[in-house]
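Breakdown of the fold
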Amino acid sequence: MEIKTVINPFENALKNFDMAADVIHLEDNIRNHIRLPERELTVNFPVRLDNGNVISVTGYRVQHSTARGPGKGGVRFHPDVNIDEVRALAAWMTWKCAVVGIPFGGAKGGVVIDPKKMSMSELERVTRRYTSEIAFMIGPDKDIPAPDVYTNSQTMAWMMDTYSMISGRTVLGVVTGKPISIGGSQGRNEATARGTVFTIEKAAKKLGIKLNGASVVVQGFGNAGSIAARLMFDLGAKIIAVSDSKGGIYYPKGMNPTEVSIHKELTGSVLGFKDSEKISNTEILELPCDILIPAALENVITEDNAGQIHARIIAEAANGPVIPEADAILHDRGVFVIPDILANAGGVTVSYFEWVQDNYSFFWKTMDINKYLKEVMDESFDNVMAITEKHKVNTRIGAYATAVAKVAEAIRLRGVFP
Ligand code: GLU
């Protein structure tokens, strides 16, 4: 019998943090403080199903750090959500916001449900009850949720409405990633993918890779993955393989991601697209290609398959797809990794723009959003590369070192209460 070791994402987040803390010679008192989340909440609540039965649902909200500003981070609906995953995701938000220099700390939420098995009205009841359970902990100047895996702008509309009903006034800035008509921002839906593609352009330029004609593999065809595929296609790249939770398709001639999205919309999966060849979610990662975009969940590249990765660039649209042991192997093999806390920071960056627009009740044009996003991503990429090269570390530790130094500086300046 094969014994599968469970990979704990929070332990992995701590390993990377510790390596970065060593590199910047972080003092022990700050190190011990920011290793662990500031505040964690577990909630258990009943939800009535459409058939009248009542089930018990568990949810979490973790605030990892509020040293640089209010907590910020998405809410994930997934049957495998657990406290260590939410802790890791919250810590990654802290580092992500620091890497791109936006004035937020890091937080994350999760609800243990299988959203694919629930109706819209059941999802609405889960969302509203979860929001009411965590309401005392969130707020536009406390902690601002957003979409993540299997949550979207409709989920955010329900969260905003529930919080507003409790508060007795409409509070647009309590969540980001809302529909445009109720305080959402232009460009937010595409922002994660757009940010990833800006970092790919920078990395390709650095490595002398031409994106026109470059081969691209995308693991995960959700919001980030499907839009990243389309943006890469628009730059002339060849999308040779994509996958979703049901499996992957290989189409060496290069597919049009918009057609794949339509196929998925109609059939529920990318599988069966035209005369594509079916491949597994593991095989897809090992295909020879110029750019590999993991855009699904954590822990997909480990020490077991890192030696078989043939991409020249890995751009992490997902959070935590590569574990620390795999980083070392990829680094030795010359694979250029654009780490998650940089590569997917476009989402939270435009969330910040949304929050600013909500607070000012003044909304910007798409053109301006995308221009500011590009400025933030390009500058952050350059900063991370400078630190990476200065300390002669891999790009992930370079990104962590950049972020941890900023959070540590905030803690030092604020001092200790009381
Ligand atoms: N869930 C996204 C992330 O992991 C976005 C978070 C946000 O916009 O607050 O970065």
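One structure accompanies this document, and this report is about it. (Residues numbered from 1 in each chain as written. Predicted model: local features only at pLDDT ≥ 70, side-chain atom pairs only at ≥ 80, totals over all residues. Heavy atoms only, no water.)

A few points about the site of the ligand
How we decide: Residues are counted as near a molecule or strand when any one of their heavy atoms sits within 4 Å of it. Here a polar contact is taken to be a pair of N or O atoms separated by no more than 3.5 Å, where protein atoms must pair a possible hydrogen donor with a possible acceptor and residues adjacent in sequence count only if both atoms sit in side chains. Accessible surface is estimated by sampling points in the Shrake-Rupley manner with a 1.4 Å probe; for residues, cover comes only from the protein chains shown. Only DSSP runs of H or I reaching four residues or more are called helices, and only runs of E reaching two or more are called strands; each is numbered from the N terminus. Under the scheme applied here, ten amino acids are nonpolar (Ala, Val, Leu, Ile, Met, Phe, Trp, Tyr, Cys and Pro), four are charged (Asp, Glu, Lys and Arg), and all others, including Gly, are polar.
Taken together, the neighbourhood of the ligand is formed by 14 residues, with K72, K96, P147, D148 and S351 sitting nearest. One of the side-chain N or O atoms of R188 is found 3.0 Å from an oxygen atom in the ligand. At 3.0 Å, a side-chain N or O of N319 approaches an oxygen atom of the ligand. Compared with its free state, where it exposes 300 Å², the ligand has 95% of that area covered by protein. Only β3 (71–77), α3 (83–99), β5 (143–147) and α11 (346–360) provide two or more residues apiece to the shell around the ligand. Considering only residue class, the shell around the ligand consists of four nonpolar, five polar and five charged.

Comments concerning the nonpolar core
Here is the rule: To define a nonpolar core, start from buried Ala, Val, Leu, Ile, Met, Phe, Trp, Tyr and Cys residues and group those joined through side-chain atoms within 4.5 Å. Each residue is placed in one exposure class: buried if its accessible area under a 1.4 Å probe, protein chains only, is under 20% of its type's maximum, exposed if it is over 50%, and partly exposed if it falls in between. Contacts were defined at the residue level, with two residues in contact if any of their heavy atoms lie within 4.5 Å.
Of all hydrophobic cores here, the largest spans 86 residues; its most connected members are I34, W95, M232, V242, I291, I293 and I338. With 10 residues, the top contributor of residues to this core is helix α13 (residues 395–414). Beyond its immediate sequence surroundings of up to four residues, W95 is in contact with F17, I34, H64, I341, Y400, A403, V404 and V407.

Concerning the environment of I341
The topology assignment puts I341 in helix α10 (residues 340–343). A relative accessible area of 0% means that I341 is categorised as buried. In the structure, I341 is positioned 65 residues away from K406 in sequence and 14 Å away in space, judged by C-alpha atoms. In this view, I341 contacts W92, W95, K96, V99, A399 and Y400; residues no more than four positions away in its chain are not counted.

A word on the packing of aromatic side chains
Each pair of aromatic rings is reported with the distance of its centres and the angle of its planes. The condition that has to hold: Only Phe, Tyr and Trp rings are paired, with Trp represented by its six-membered ring, and only when their centres lie within 6.5 Å; those with planes under 30 degrees apart are stacked, over 60 edge-to-face, the remainder tilted.
Enumeration over the complete set of coordinates arrives at 11 aromatic pairs. Note on Y352 and W355: the rings are 6.3 Å apart at their centroids and 35° apart in plane angle, and the pair reads as tilted. With Y352 and W355 both in helix α11 and three residues apart, the pair spans about one turn of that helix. Put simply, the rings of F104, Y352, F353, W355, W364 and Y372 pair up and form one aromatic cluster.

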